[in-house]
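What follows is the residue order along each chain.
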Amino acid sequence: MIAELGLAALWLAAALALLQLVCGVMVVRRDDAALASVIRPLAVVQGALAALAFGALLLCFARFDLSVKLVAMNSRDAQPLIFQIAGTWGNHEGSMLMWVTIMSLAGALIALIERRVPERTMIATLATQAFVGLGFYAFLLIASNPFERLDPPAQQGLGLNPALQDIGLAYHPPTLYFGYVGLSVAFSFAVGALITRQVTPAFARAMRPWVLGAWIFLTLGITAGSYWAYYELGWGGWWFWDPTENASLMPWLAATALLHSVSVLAARDALRTWTIMLGVVAFSMSMVGTFLVRSGILTSVHAFAIDPERGAFILGLLALYVGSALVLFALRAGTVAEGERFAVTSREGALVVNNVVLCALLAIVLVGTLYPLVTEAYGVRVSVGPPYFTPVSALFFLPMLVVLAVGPLLRWRRDSLERIQRPLVLFFAIAVIALAGVWFNSSIGFLPLVGMALAAMLAVASFAPAQGRNLRRLPLAVWGMMIAHFGIAVALFGMAADSAFTVEKLVAAKEGDTVEIGPWLATLKTVEPVAGPNWTALEATLAVSYEGEPGKALRPQQRSFWAPAQKTSESALLTRWNGQLYTVLGDQAEDGRWQLRLWWKPFVTWIWYGGILIGLGGLLALIGRVGNDLKRRHAQVRIARRKRTAE
Amino acid sequence: MSTRLAPKHQRLVLLAIALVVLIAAALIAAWGLRSQASYFYVPSDLIAKPPAPGQAIRLGGMVQKGSLKTDADGVTIHFMVGDGKAHVPVSYSGIVPDLFTEGSGVVAEGRLAPGGTFVADNLLAKHDENYVPRELKDMTEAQKQAAVQETTK
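This structure is a prediction, so every number in the text was calculated from the model and none was measured.

Turning our eyes to something else, we now look at the overall build of chain A. The secondary structure content of chain A amounts to 17 helices and eleven strands. Overall, chain A is about 90 × 75 × 60 Å in size when its C-alpha atoms are taken along their principal axes. Across the 647 residues of chain A, 52% fall into the buried class. Partitioning the intrachain contacts of chain A with sequence separation of at least 6 by distance along the chain shows that 75% fall at a separation of at least 24.

Next up on the list: the overall build of chain B. What chain B contains, in helices and strands, is four helices and seven strands. Ordered by position from the N terminus, the helices and strands of chain B form the series α-β-α-β-β-β-β-β-β-α-α. Within chain B, contacts between residues at least 6 apart in sequence are counted, and of these 53% link residues at least 24 apart.

Before going further, it helps to spend a moment on the interface of chain A and chain B. In this assembly, 45 residues from chain A lie in contact with 41 residues from chain B. Those elements that provide at least two residues to the side of chain A that touches chain B are helix 12 (347–377), strand 1 (382–383), helix 13 (386–406), strand 2 (503–509), strand 8 (565–570), strand 10 (579–588) and strand 11 (594–602) of chain A. Broken down by element, the residue count for the side of chain A that touches chain B peaks at nine residues, all from helix 12 of chain A. Residues belonging to the side of chain A that touches chain B are distributed by class as follows: 25 nonpolar, ten polar and ten charged. Judged from the two bridges that link them, strand 1 of chain A and strand 1 (residues 38–41) of chain B form a sheet pairing that is antiparallel. Counterpart to Val382 of chain A in the pairing with strand 1 of chain B is Tyr39 of chain B.

On to the packing of helix 7 (residues 167–196) of chain A against helix 8 (residues 201–233) of chain A. Residue and element names in this part refer to chain A. Axis separation between helix 7 and helix 8 bottoms out at 8 Å; the angle between their running directions is 155 degrees. As the angle between them shows, helix 7 and helix 8 are arranged roughly antiparallel. Handedness of the crossing formed by helix 7 with helix 8: left-handed. Of the residues contributing to the contact of helix 7 with helix 8, the split by class is 19 nonpolar, eight polar and one charged.

Quick look at the pairing of strand 11 of chain A now. Burial within strand 11 of chain A is extensive, with eight of its nine residues counted as buried. The antiparallel hairpin formed by strand 10 of chain A and strand 11 of chain A contains five residues in its connecting segment, where Gly592 of chain A sits at a positive phi of about 95 degrees.

Now for the domain arrangement of chain A. Residues and elements named next belong to chain A. The domain boundaries assigned to chain A delineate domain 1 (1–165), domain 2 (169–182 + 197–414), domain 3 (416–498 + 608–647) and domain 4 (503–602). The centre of domain 1, based on its C-alpha atoms, is set 43 Å off from the matching centre of domain 4. Taken together, the residues of the side of domain 1 that touches domain 4 break down into five nonpolar, two polar and one charged.

Residues and elements named next belong to chain A. The omega torsion of the bond from Asp151 to Pro152 falls at 0 degrees, within 30 degrees of zero and hence cis. Its place among the elements puts Pro152 in the loop between helix 6 (119–143) and helix 7. Here the phi dihedral of Arg413 falls at roughly 70 degrees; this positive angle occurs in a residue that is not glycine. Looking at the element boundaries, Arg413 is found in the loop between helix 13 and helix 14 (421–441).

Residue and element names in this part refer to chain A. In space, the four strands of this open sheet follow the order 2-11-10-9, with antiparallel pairing throughout. Two strands in the sheet have a free side with no partner beyond their single neighbour: strand 2 and strand 9 (572–576). Put simply, the sheet's adjacent strands are angled 15 degrees from each other on average, direction ignored. Bridge count between strand 10 and strand 11: eight bridges; the pairing is antiparallel. Bridge pairing in strand 11 links Gln580 to Lys601.

By secondary structure assignment, the location of Leu315 of chain A is in helix 11 (residues 308–332). Residues Leu315 of chain A and Met287 of chain A lie 28 residues apart in sequence; the distance between their C-alpha atoms is 8.8 Å.

It is worth spelling out the pairing of strand 5 (residues 535–546) of chain A at this point. All names here are of chain A. In this structure, strand 4 (residues 520–531) lies alongside strand 5, joined through eleven bridges in antiparallel fashion. Bridging across to strand 5, Leu524 finds its partner in Leu542. Here strand 4 folds back onto strand 5 in antiparallel fashion, the turn holding three residues. By the bridge criterion, three bridges tie strand 5 to strand 6 (residues 552–554) in an arrangement that is antiparallel. Bridge pairing in strand 6 links Leu542 to Leu554. As consecutive antiparallel partners, strand 5 and strand 6 are separated by five residues, and within that stretch Glu547 has a phi angle of approximately 45 degrees, a positive value.

What follows concerns the packing of helix 15 (residues 446–461) of chain A against helix 16 (residues 476–501) of chain A. Residues and elements named next belong to chain A. Packing of helix 15 against helix 16 leaves a shortest axis separation of 8 Å and a crossing angle of 155 degrees. The angle between helix 15 and helix 16 places the two elements in the roughly antiparallel class. Here helix 15 runs over helix 16; the crossing is left-handed. Between helix 15 and helix 16, the contacting residues are Pro448, Gly451, Met452, Leu454, Ala455, Leu458 and Ala459 on the first element and His485, Phe486, Ile488, Ala489, Leu492, Phe493, Met495, Ala496, Ser499 and Ala500 on the second. Here the contact of helix 15 with helix 16 is built from residues that sort into 14 nonpolar, three polar and no charged.

The subject of this paragraph is helix 1 (residues 10–36) of chain B. Helix length check: helix 1 of chain B, at 27 residues, gives a terminal C-alpha distance of 38 Å against a target of 39 Å (1.5 Å per residue), a fit within 8%. Among all positions of helix 1 of chain B, only Leu14, Ala25, Ala29, Gly32 and Gln36 of chain B are buried. On its buried side, helix 1 of chain B packs onto helix 12 and helix 13 of chain A.

Soluble, globular proteins show a tendency: their nonpolar side chains are buried together. Residues Ala186, Val211, Ala254 and Ala255 of chain A are the most contacted members of the largest nonpolar core, which totals 195 residues. Here the element with the most residues in this core is helix 8 of chain A; it accounts for 17 residues. If we skip the residues at most four places from it in the chain, Val211 of chain A touches Ala186, Ala255, Leu258, Leu259 and Val262 of chain A. One finds Val42, Leu46, Val63 and Ile77 of chain B within the second-largest nonpolar core, a separate group that totals 24 residues.

Right, let's get into the confidence of the model for chain B. Residue and element names in this part refer to chain B. Scored by pLDDT, chain B comes out at a mean of 77, with 76% of its residues at no less than 70. The least confident element of chain B, judged by mean pLDDT, is helix 4 (residues 141–152) at 49; the most confident is strand 5 (residues 87–93) at 92. This stretch, residues 127–132, has a pLDDT under 50; its non-local contacts, to residues over four places away or in other chains, come to nine contacts. Taken together, the stretch residues 148–153 has pLDDT below 50 and engages in ten contacts with residues farther than four places along the chain or on a different chain. Our summary of model confidence lists the complex with pTM equal to 0.91 and ipTM equal to 0.79.

With that settled, consider the confidence of the model for chain A. In this model, chain A carries an average pLDDT of 90, and 98% of its residues clear a pLDDT of 70 or more. Here residues 299–305 of chain A scores under 50 on pLDDT; set against residues more than four positions off or in separate chains, the count is 25 contacts.

This part covers the environment of Ala193 of chain A. Residues and elements named next belong to chain A. With respect to the secondary-structure elements, Ala193 resides in helix 7. For Ala193, a count of 27 C-beta atoms within 10 Å translates into the label buried. Linking Ala193 and Thr125, residues 68 residues apart in sequence, is a C-alpha distance of 7.5 Å. Among residues more than four places away in sequence, those in contact with Ala193 are Thr121, Gln198, Val199, Phe203 and Ile276.

Rules of the game
- Residues numbered from 1 in each chain as written.
- Chains lettered and ligands numbered in written order.
- Predicted model: local features only at pLDDT ≥ 70, side-chain atom pairs only at ≥ 80, totals over all residues.
- Helix = DSSP H or I, 4+ residues; strand = E, 2+ residues; numbered from the N terminus.
- Buried ≥ 20, exposed ≤ 12 C-beta atoms within 10 Å, placed from the backbone.
- Contact = placed C-beta atoms within 7 Å.
- Nonpolar A, V, L, I, M, F, W, Y, C, P; charged D, E, K, R; others polar.
- Pairing = 2+ DSSP bridges.
- Axes fitted to C-alpha atoms, helices over the stretch in contact; angles between N-to-C directions.
- Parallel < 35°, antiparallel > 145°, perpendicular 65-115°, else oblique.
- Left-handed = near helix turned anticlockwise from the far one by under 90°.
- Domains from an automatic or database assignment.
- Expected span 1.5 Å × (residues − 1).
- Core = buried A, V, L, I, M, F, W, Y, C linked by C-beta atoms within 7 Å.
- pLDDT = per-residue confidence, 0-100.

This is how it looks when you write it as structure tokens:
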């Protein structure tokens, strides 16, 4: 019953999306007040129905309804409840349903609250949102119905992929999806403004919270995903340049560029067509990411759907949306009037550099990610990994940080470097001193060395905009910017330190043996069997101590899940402020010794602290912006009321 | 430094700058890919056309039965990877993937050492029914059987 209800709600939501699109197109073509008034309610009801469908699927999973095929394929009774529920989106159909639900809820939200943009642009935006949503509804209903029944019901479920049975599954996919889908709203705004040719600062101010919100979620989603991969895979790496990781990085790069250009548009009415273009590109990258990850064209734990029909469907949607948006852009971009001008040395100029370099980085990641697919069409199999991505992207990323340090100090419109001479000299001095300090005290590679020097410079430079200003009266958005930029410095330092100073040790040890790794001493005490709710494991107990401090126990495991039958190795980590000790238990050798792999990773955690700071900065900016908008709205209401009473 | 761009052409100038940087990025990417992409080999290719020593490549095939040996240190293993036509000795130090066994498929990432031994930095094995390294997935059943027969002779 619940499954049928969910399916019915999904069909209804799809029908309403179609209606919303048709009405929207009619209103945009010929104004019709009656039709125009139904579009916002349509979007709201459509959102509610999609949420109902998703709720129904959640309930099927929570109640462990084995007559629903998706539940039977992806769940099992001995799993902890949190994984039962998170299993809803730990599979292809459920994750697509979550995508479309978040998307239609976002549409409902803009329909409810957004009143700043001209109504005609708003209707074009909602029609675009319905157009994009419709494709995904069709994809769900035609090619991947999540509510399919099994008759007779299964006796037992197959279970969730053990690699996904982790708390990470509960937050990583929803976070990333909020980001992807937030970009769909930016896309709809961009297309709506193109249709009505009203690319104004008011439009930018309406779009900005969505871009910011999406960007915060993407930032946190990527940070969480990186940490999850780091401790789950047991390889000690935090970024593998895996296509699925790149699939989330590319929308982030585009969203970062968009975030900065939309600020220029909102504050200075410049970069109009460029912002529209980035709005289209950012969501296109979300779609490319979804295509790469979900089509089965790449193999990984993320690729649930190894089904050519589905891959072709997503590729079709991608071509349809990106293609039509680009055609519209080509037709309309010339008719959007040019915005305000600015000098090369100005805040706008620095932000243009930031935008162009972010786009170059995007191109580099995109080319490297797609290259293996292209060569494979010609029968040559290659893989592209860190040896390509790391140096080539650093070539653009590191110089961009210099602009990042200087840009926020520049004034809008026109400025001169002489005016900010003193901070510039200070930044340069910090970078040189840091470079020399690291150089003399250790022998590390070129990239980590430059990374550390720039991180030190940026840590100071990120707070330079506050210099000489009253900290209490500094707008929240400026605090947000400074904290986000500081987060980049922190993350960069973590990356450089991890690649420069990591110590790795691989040994075969018998019980009682002690291993020295960097400043740590680790003693293998015992290896014993333990049992969990749906697994058994061999668990090693390691007594570890840091430079003679009191010891602590670490317990890495080799887990064997019985449904599906699969082994995973669970690393055990010990976190200090200055790094992490990472331990993995391997196999037993013939002579009874146990393989142990240990890493001492100085400052590695700073990478994720940096990511969190970047997200926090975004959050502060969002609160500041939305607060200002609300104040402005109140003021306008008050003025209008005063006018009315005066009349 | 504070010269204004010619007012009429600012848009064009910005466009030109963006294009130049993007083209530069594409060229650098192309150069990076030519030198840094790691190619996939099967043992018979590796023997017929060996890559330059030190070049990062991936080697895929079946782990031959009876070839797996562990060194005295307990963590370095040696085995033969075959594709039914030829075989290559491989050495690896580390914890092997969970489904790595004799007679099953493997993709080794690493480089060819001067002596003809392939030194692997990383091994990818079939993870579970749904997650197979791409190169292994493409190996047809017939090829797999041929490889297994070869290795069990």
